[in-house]
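Listed below, chain by chain, are the residues.
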Amino acid sequence: MIDVYSTYLIVVIALSFCVILAIVRVLRGPTAPDRVVGVDTINTIVIVSMVAFGTAFREIIYIDVAIVYALLSFISTLFIAKYLQGGEF
Amino acid sequence: MIFDLVIYVLIGIGLFFNILAGIGLLRFPDVYTRLHAGTKCTTFGSIFLIGSVILLGLKMWWEKDTNGSVLALHSALALVAILLTNPVGAHAIARAAHRSGIKPAQAVIDELSEEPMNVTTDERRGGD
Amino acid sequence: MKAFIVTTIVCMIIYLILTTGSGTEVLGLWSFIELAFGLLLSVLIGFIARSVFVKDSYRMLNPIRWFLFLGYLIGPFFLAITKANLDVAYRVITGKINPGIVRIHPDLKTDLGVTMLANSITLTPGTLSVDIDEDTNDLYVHWINVDKKALERKPVECKYICGNFPKWIRRIAE
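Residues numbered from 1 in each chain as written. Chains lettered and ligands numbered in written order. Predicted model: local features only at pLDDT ≥ 70, side-chain atom pairs only at ≥ 80, totals over all residues. Heavy atoms only, no water.

(A) Focus on the sheet that holds strand E1 (residues 100-104) of chain C. With antiparallel pairing, three strands are arranged side by side in an open sheet as E1-E3-E2 (chain C). Each end of this open sheet is capped by a strand with a single partner; those strands are E1 and strand E2 (127-133) of chain C. Averaged over neighbouring strand pairs, the angle between their axes works out to 30° when direction is ignored. Judged from the six bridges that link them, E2 of chain C and strand E3 (residues 138-143) of chain C form a sheet pairing that is antiparallel. Bridging across to E3 of chain C, Asp 133 of chain C finds its partner in Asp 138 of chain C. Across the sheet, helix H2 (residues 31-62) of chain B touches E2 and E3 of chain C, and the angle it forms with E2 of chain C is around 115°. Docked against the sheet, helix H3 (residues 66-99) of chain B engages E1 and E2 of chain C, running at close to 65° with respect to E2 of chain C. (Pairing = 2+ DSSP bridges. Helix = DSSP H or I, 4+ residues; strand = E, 2+ residues; numbered from the N terminus. Axes fitted to C-alpha atoms, helices over the stretch in contact; angles between N-to-C directions. Contact = heavy atoms within 4.5 Å.)

(B) Up close: the interface of chain B and chain C. With 48 residues of chain B at the interface, the matching set in chain C holds 46 residues. The junction of chain B with chain C conceals about 4100 Å² of combined surface from both sides, 70% of it contributed by carbon and sulfur atoms. Where chain B touches chain C, the interface holds two salt bridges. Between Arg 95 of chain B and Asp 131 of chain C there is a salt bridge; the shortest N-O distance is 4.0 Å. On the surface where chain B and chain C come into contact, there are seven residue pairs in polar contact (both at pLDDT 80 or more). Of all elements in the fold, only helix H1 (2-27), H2, H3 and helix H4 (120-127) of chain B reach the threshold of two or more residues within the side of chain B that touches chain C. It is H3 of chain B that contributes the most residues to the side of chain B that touches chain C, 15 residues altogether. Its residues assigned to classes, the side of chain B that touches chain C comprises 27 nonpolar, 13 polar and eight charged. (Buried area = accessible area lost by both parts, 1.4 Å probe. Salt bridge = Lys/Arg side-chain N within 4 Å of Asp/Glu carboxyl O. Polar contact = N/O pair within 3.5 Å; in protein donor to acceptor, adjacent residues only side chain to side chain. Nonpolar A, V, L, I, M, F, W, Y, C, P; charged D, E, K, R; others polar.)

(C) Broad picture of the packing of aromatic side chains. Residue and element names in this part refer to chain A. Following the criterion strictly, the structure yields eight aromatic pairs over all chains and no others. Measuring from centroid to centroid gives 5.5 Å for Phe 53 and Phe 57, while their planes differ by 20°, and the two rings are stacked. Pair noted here: Phe 53 and Phe 57 are both in helix H2 (residues 32-57), with a separation of four residues, about one helical turn. Residue Phe 57 is classed as partly exposed on the basis of its relative accessible area of 45%. Between Phe 53 and Tyr 62, the aromatic rings sit 6.4 Å apart at their centres with planes inclined by 85°, giving edge-to-face as the arrangement. On the basis of relative accessibility, which here comes to 33%, the residue Phe 53 falls in the partly exposed class. The class for Tyr 62 is partly exposed, based on a relative accessible area of 35%. (Phe/Tyr/Trp six-rings, centres within 6.5 Å; stacked < 30°, edge-to-face > 60°. Buried < 20%, exposed > 50% of the residue type's maximum accessible area, 1.4 Å probe, protein only.)

(D) Seen up close, the environment of Thr 82 of chain C. Here Thr 82 of chain C shows up in helix H3 (residues 63-94). In sequence terms Thr 82 of chain C and Pro 125 of chain C are 43 residues apart; their C-alpha atoms lie 8.5 Å from each other.

(E) Geometry of the nonpolar core. With 86 residues, the main nonpolar core has Tyr 8, Val 11 and Leu 15 of chain A together with Leu 139 of chain C as its most contacted residues. Ranked by the residues each element gives to this core, the list is headed by H2 of chain B, at 14 residues. With near-sequence residues (within four places) excluded, Val 11 of chain A lies in contact with Ala 52 of chain A together with Ile 11, Leu 15 and Leu 49 of chain B. (Core = buried A, V, L, I, M, F, W, Y, C linked by side-chain atoms within 4.5 Å.)

(F) Summary view of the interface of chain B and chain A. At the interface, 45 residues of chain B touch 42 residues of chain A. Taken together, both faces of the contact between chain B and chain A bury some 3800 Å²; the carbon and sulfur share is 77%. When the buried area of chain B at its contact with chain A is split by residue, Leu 25, Leu 26 and Ile 93 of chain B rank highest and sum to 15% of it. Between Asp 34 of chain A and Arg 34 of chain B there is a salt bridge, with its nearest N and O atoms 2.4 Å apart.

(G) Seen up close, the environment of Gly 100 of chain C. Residues and elements named next belong to chain C. Relative to the elements of secondary structure, Gly 100 occurs in strand E1. For Gly 100, a relative accessible area of 0% translates into the label buried. Along the sequence, Gly 100 and Trp 143 sit 43 residues apart, while their C-alpha atoms lie 5.4 Å from each other.

(H) Inspection of H3 of chain C at higher detail. Over its 32 residues, H3 of chain C runs 45 Å from end to end, which matches the ideal 46 Å to within 8%, given 1.5 Å per residue. Of all the bends in H3 of chain C, the largest measures some 40° and sits at Phe 77 of chain C. All buried positions along H3 of chain C are accounted for by Arg 65, Tyr 72, Phe 77, Ala 80, Ile 81, Ala 84, Asn 85, Val 88, Ala 89, Arg 91 and Val 92 of chain C. Elements in contact with the buried residues of H3 of chain C: H1 and H2 of chain B together with helix H4 (111-123) and helix H6 (165-173) of chain C. Following H3 of chain C by one or two positions, Gly 95 of chain C has its phi on the positive side, about 75°. (Expected span 1.5 Å × (residues − 1). Bend = angle between axes of the 7 residues up to and from the residue.)

(I) Local environment of a nonpolar patch on the surface. Together, Phe 37, Leu 40, Leu 41, Leu 44, Ile 45, Phe 47 and Ile 48 of chain C make up an exposed nonpolar region whose accessible area comes to about 720 Å². Note on placement: Leu 40 of chain C falls in helix H2 (residues 32-53). (Patch = residues over 30% accessible without salt bridge, like charges linked within 9 Å, V, L, I, M, F, W, Y side chains within 5 Å. Areas by Shrake-Rupley, 256 points an atom, 1.4 Å probe, with all protein chains shown as cover.)

(J) Molecular detail of the confidence of the model for chain C. Mean pLDDT over chain C: 78, with 86% of residues reaching 70 or higher. Ranking the helices and strands of chain C by mean pLDDT puts H2 of chain C first, with 84, and helix H5 (residues 158-162) of chain C last, with 68. (pLDDT = per-residue confidence, 0-100.)

(K) Structural view of empty space enclosed by the protein. Scanning all chains against the criterion turns up three cavities of 30 Å³ or more. One number sums up the size of the largest cavity: a volume of about 100 Å³. Taken together, Asp 40, Asn 43, Thr 44, Ile 47, Ala 70, Ser 73, Phe 74 and Thr 77 of chain A together with Ile 82, Thr 85, Asn 86 and Gly 89 of chain B make up the lining of the largest cavity. For the lining of the largest cavity, the elements supplying multiple residues, two or more each, are H2 and helix H3 (60-85) of chain A together with H3 of chain B. Within this model, the second largest cavity holds a volume of roughly 40 Å³. What lines the second largest cavity is Tyr 5, Gly 54, Thr 55, Arg 58 and Ile 60 of chain A together with Met 60, Asn 67 and Leu 71 of chain B. Listing elements by their share of the lining of the second largest cavity, those giving two or more residues are H2 of chain A together with H3 of chain B. Its residues assigned to classes, the lining of the second largest cavity shows four nonpolar, three polar and one charged. (1 Å grid on protein atoms, 1.4 Å probe; cavity = no way out; pocket = protein on both sides within 12 Å on 5 of 7 lines; lining within 4 Å. Points joined across faces, edges and corners; volume = space filled by probe spheres on them.)

Written as structure tokens, this is what we have:
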């Protein structure tokens, strides 16, 4: 019988399947914004899987890392978008 | 027992929408429609997955485990971070895509490209 | 002075959330040293960032607006997100799309209101905010399933894109 905590390991495996789907889009995407959309989606899924990992192993530090990762990936997305649209910074 | 069932249902809904986001990224034809799938579905899936973690933390807290409070509060903060940053990032990508000259595929109308041409209002008033 | 106090309190609340479980002395969640250090840091940050965080209006200090915001999040906003995802699921599975970019005129005045409306539009059924006209606060919205009836009048009426969200946001943020 699986308990609730180890269910989150299955969640992480399913989420890595989503990451694979998004990586296919990053590799195939015909234009640069397509690839950025794929990377943005990967970022969100990675944040959620970090929270799930932290719950599965009952390690709070993973969730703190997820918060910092969310803010940093947001800033990186903004900068890539700014770079793509050209013009002044 | 019922509590576990609620958590399993929340996890199921969250996973379904996250996988849907991946499939949508592959199936849609251009940047804007892919953004629809990539933003909305991951945000909604995250709400349910992290919501299940918050419920679990609250239950641990109820059973006098201080780790539970930390788990619930920090996961809630991560959820707030996702909810605030995801739409803004999508908006930034969409604007950058439009300014770098990508037209929406199969578009019926594109008012942003034909910006100065805003005569239809006056024409209709004259017609009436 | 008021800006300094507001910024300090917000910083302190975030610090308290991030350091829960550091000890058992205060309410069973925090330790005294942690609280003292947090207060010191928040005062420092409040002094540095007071003019960045608060922009010369204290409208959002009213608790009624906070409760309205919470009600907005739980009620109409969550309903709209649910509808949006079922809609996207339908379109992913069937592949039927009919997209276009339209201009709407929500008639909001403050930056905070426009930001909230743009974020709400991005998360609600079939729409995604693409660009903004800084002078008139008009929004350009990518619409995944354009309604022929809505195109008869320009700019397109808000009720087709975002329902009664502008009314809610005007009550919350203006």
